[in-house]
Amino acid sequence: MRVIGLTGSIATGKSTCSQTLSTPPYSLPLIDADLLARKAVEPGTWGYRRIVATFGPTTPDLLLPASDPQCGGKDDGPTGKGRPLNRPALGRRVFGNSEERMADRRKLNAIVHPAVRFYMARAMLYYYLLGHWAVVLDVPLLFESGLDIFCSTVIVVAVSDPKIQMQRLRDRDPHLSPEDAENRVKSQVDVREKATRCEYRNNGNKQAAKGYVLYNDGTKDDLTLQIADVMRKIRSRSPRWWSVLLLVCPPLMATVASWEVLWNWWLRKKTIRERGEELAKTKV
């Protein structure tokens, strides 16, 4: 099974791309890291309890008030396991480039990431057993978290002009102040750096099909055409007979997967040496 890693930055069009890939004519299974991250911090979970214990004492509005519709008027939340997290308040706590906020992001990641990775591994095994030829792993922090080494192919949805990204973010989330919008963009690695990192996966060979960059500076139709071209190339390297062989022969699947992980790990190390440590750090 081919694992297609999909990433980008905020307001670059990654969600549009993931929606396209998960619907006809592609209909690929989608593993959304953001959805899994929400699941990992639902009231009553280990992640929820750790976040409340870590940030609650210094963030008075960390939890939604009982009067919020999501709480159903109950002080212990709709399920009796606690009031849901106030995500905007948590976002203000961890987004930004100050040392304090970066330290808080690292704390948050240390809580959320292990649970998300477990859910991802479980989902990939499930789709492999169902016989799917590929699965899309939608992870905003694919490179930063090191999950790119588990992907057969990586697709980065980028924009060439930072002004386009900022305008799309303000249009999408009008409640954000200019400062909040700028902090959210700056809290992530520049998407153009991610694009370069993606191209490095091909190791100088454009036919390697290990990394593709989609520049979403135009319309949705333009992006759709780019997606179609990339998926045609990826599909040509994953014939049906190969997918069936991997399914019926788990030892072969394990061998191929191990080789890909080792090769991607070497490419990651090589890229870090050449471009510095920026993307080796978890920034969200």
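Keep in mind it's a predicted model, so treat the numbers as computed, not measured.

Visitor: How would you sum up the overall build of the protein chain? Please name residues and give values.
Guide: Assigned secondary structure in the protein chain consists of 11 helices and five strands. In terms of C-alpha radius of gyration, the protein chain reaches 20 Å, essentially the compact-globule figure of 19 Å for 284 residues. For the protein chain, the spread of C-alpha atoms along the principal axes amounts to about 55 × 40 × 40 Å. For the protein chain, with 284 residues in total, the buried portion stands at 47%. If you take every contact in the protein chain between residues at least 6 apart in sequence, the share linking residues at least 24 apart comes to 72%.

Visitor: Go over the domain arrangement of the protein chain with me, naming the residues and quoting the values.
Guide: Once the domains are mapped, the protein chain shows domain 1 (1-29 + 133-283) and domain 2 (36-131). Just the C-alpha atoms count here: the centres of domain 1 and domain 2 sit 24 Å apart. With 21 residues of domain 1 in contact, the opposing surface of domain 2 contributes 16 residues. For the domain 1 and domain 2 pair, buried surface summed over both sides reaches about 1,700 Å², with 66% attributable to carbon and sulfur atoms. Put simply, domain 1 and domain 2 have zero salt bridges between them. Counting across the interface, domain 1 meets domain 2 through two residue pairs in polar contact (both at pLDDT 80 or more).

Visitor: Quick one: what's the story with the side chain of Thr271, residue by residue and with numbers?
Guide: You can see Thr271 is positioned in helix α11 (residues 250-275). Among the polar contacts listed, one links the side chain of Thr271 to the backbone oxygen of Leu267, at a separation of 2.8 Å. Excluding anything up to four places from it in sequence, Thr271 contacts Arg197, Tyr200 and Gly276.

Visitor: Tell me about the pairing of strand β4 (residues 153-158), and name the residues and values.
Guide: Of all the six residues making up β4, six are buried; the element is thus mostly covered by neighbouring parts of the structure. The alternating pattern of β4 places Thr153, Ile155 and Val157 and Val154, Val156 and Ala158 on opposite faces, both of which are buried. Both strand β1 (residues 2-8) and β4 contribute to a ladder of five bridges, which runs parallel. The residue of β4 that forms the bridge with Gly5 is Val154. Pairing of β4 with strand β5 (residues 211-215), which is carried by five bridges, proceeds in the parallel orientation.

Visitor: Break down the UniProt feature "transmembrane region" (unreviewed entry) in the protein chain for me, citing the residues and quoting the values.
Guide: Feature annotation in UniProt assigns "transmembrane region" (unreviewed entry) to the following positions: residues 110-129, 141-160 and 241-259. Split by type, residues 110-129 is 100% helix and 0% strand. Its first and last C-alpha atoms lie 30 Å apart. Counted over residues 141-160, helix gives 0% and strand 30%. Its end C-alpha atoms are 19 Å apart.

Visitor: Report on the environment of Asp217, specifying residues and quantitative values.
Guide: Note that Asp217 resides in the loop between β5 and α9 (220-236). By relative accessible area, which is 32% here, Asp217 ends up partly exposed. Put simply, Asp217 and Ile164 are 53 residues apart on the chain and 7.3 Å apart in space, counted from C-alpha to C-alpha. Discounting chain neighbours no more than four positions away, the residues touching Asp217 are Ala158, Val159, Ser160, Asp161, Ile164 and Arg168.

Visitor: How would you explain a nonpolar patch on the surface if you had to name every residue and give the values?
Guide: On the surface, a nonpolar cluster with roughly 460 Å² of combined accessible area is contributed by Trp241, Val244, Leu245, Leu247 and Val248. For Val244, the position within the fold is in helix α10 (residues 240-248). Overall, Val244 belongs to the partly exposed group, its relative accessible area being 37%.

Visitor: Provide a residue-level description of the environment of Val156, including the pertinent values.
Guide: Here Val156 lies in strand β4. Apart from the residues lying within four places of it in its own chain, the contact partners of Val156 are Thr7, Phe143, Val191, Lys194, Ala195, Cys198, Tyr212, Val213 and Leu214.

Visitor: A description of the sheet that holds strand β2 (residues 30-32) should follow, citing residues and the corresponding values.
Guide: The strand order across the open sheet built from five strands is β2-β3-β1-β4-β5, with neighbouring strands paired in parallel fashion. The strands lining the two open edges of the sheet, one partner per strand, are β2 and β5. Pairwise comparison of adjacent strand axes, ignoring direction, gives a mean angle of 20° for this sheet. Strand direction decides the pairing type here: β2 and strand β3 (residues 134-138), joined by three bridges, are parallel. Looking at β3, one finds that Leu30 is bridged to Val136. Of the strands in this sheet, β1, β4 and β5 are in contact with helix α8 (residues 191-200), which crosses β4 at around 155°.

Visitor: Please provide a residue-by-residue account of the nonpolar core, values included.
Guide: Counting 43 residues, the largest nonpolar core has Ile31, Ile51 and Met120 as its most contacted members. Listed by contribution, the elements that provide at least two residues to this core are α2 (33-40), α3 (46-55), α4 (87-94), α5 (99-129), β3, β4 and α8. Among the elements that line this core, the one with the most residues is α5, at 10 residues. Lining this core are residues from two domains, each supplying at least three of them: domain 1 (1-29 + 133-283) and domain 2 (36-131). Excluding its chain neighbours within four sequence positions, the residues that come into contact with Ile51 are Val41, Gly56, Leu62, Leu85, Leu108, Ile111 and Val112. Among the nonpolar cores identified, the runner-up in size contains 18 residues, and Leu6, Leu21, Val157 and Leu214 belong to it.

Conventions we followed
Think of each chain on its own: its residues are numbered from 1, step by step along the sequence as written. Confidence filtering applies because this is a predicted model: local features only for residues at pLDDT of at least 70, side-chain atom pairs given and counted only at 80 or more, and all residues used for totals across whole chains, interfaces and linings. To get the side-chain values, all heavy atoms of the structure are used, and hydrogens and water are removed first. Runs of E in the DSSP output that reach at least two residues are strands. Runs of H or I that reach at least four are helices, and both are numbered from the N terminus. The globule rule is 2.2 Å times the number of residues to the power 0.38, and the radius of gyration it is compared with is taken over C-alpha atoms. Relative accessible area decides the class of each residue, using a 1.4 Å probe on protein chains only: under 20% of the type maximum gives buried, over 50% gives exposed, and in between gives partly exposed. Here, residues are in contact when the closest pair of their heavy atoms is within 4.5 Å. Note that the domain bounds were set by an automatic or database domain assignment. When two parts are put together, the accessible area they lose, computed with a 1.4 Å probe and summed over both, is reported as buried area. Think of a salt bridge as a Lys or Arg side-chain nitrogen and an Asp or Glu carboxyl oxygen that are within 4 Å of each other. For the purposes of these results, a polar contact is taken to be a pair of N or O atoms within 3.5 Å, where, inside protein, one atom must be able to donate a hydrogen and its partner to accept one; residues adjacent in sequence count only when each atom of the pair is a side-chain atom. In this scheme, strands are said to pair when DSSP sees at least two bridges between them. UniProt positions are given in the numbering used here, feature names are shortened, and annotations may be inferred rather than shown by experiment. Patch rule: a residue counts if its relative accessible area is over 30% and it has no salt bridge; like charges are joined within 9 Å, and nonpolar side chains (Val, Leu, Ile, Met, Phe, Trp, Tyr) within 5 Å. The Shrake-Rupley method, run with a 1.4 Å probe sphere, supplies the accessible areas, and residue values consider only the shown protein chains as cover. Axis definition: a line fit to C-alpha positions, over the contact stretch in the case of helices; interaxial angles, taken between N-to-C directions, run 0 to 180 degrees. Definition used in this section: a nonpolar core is a set of buried Ala, Val, Leu, Ile, Met, Phe, Trp, Tyr and Cys residues joined via side-chain atoms within 4.5 Å.

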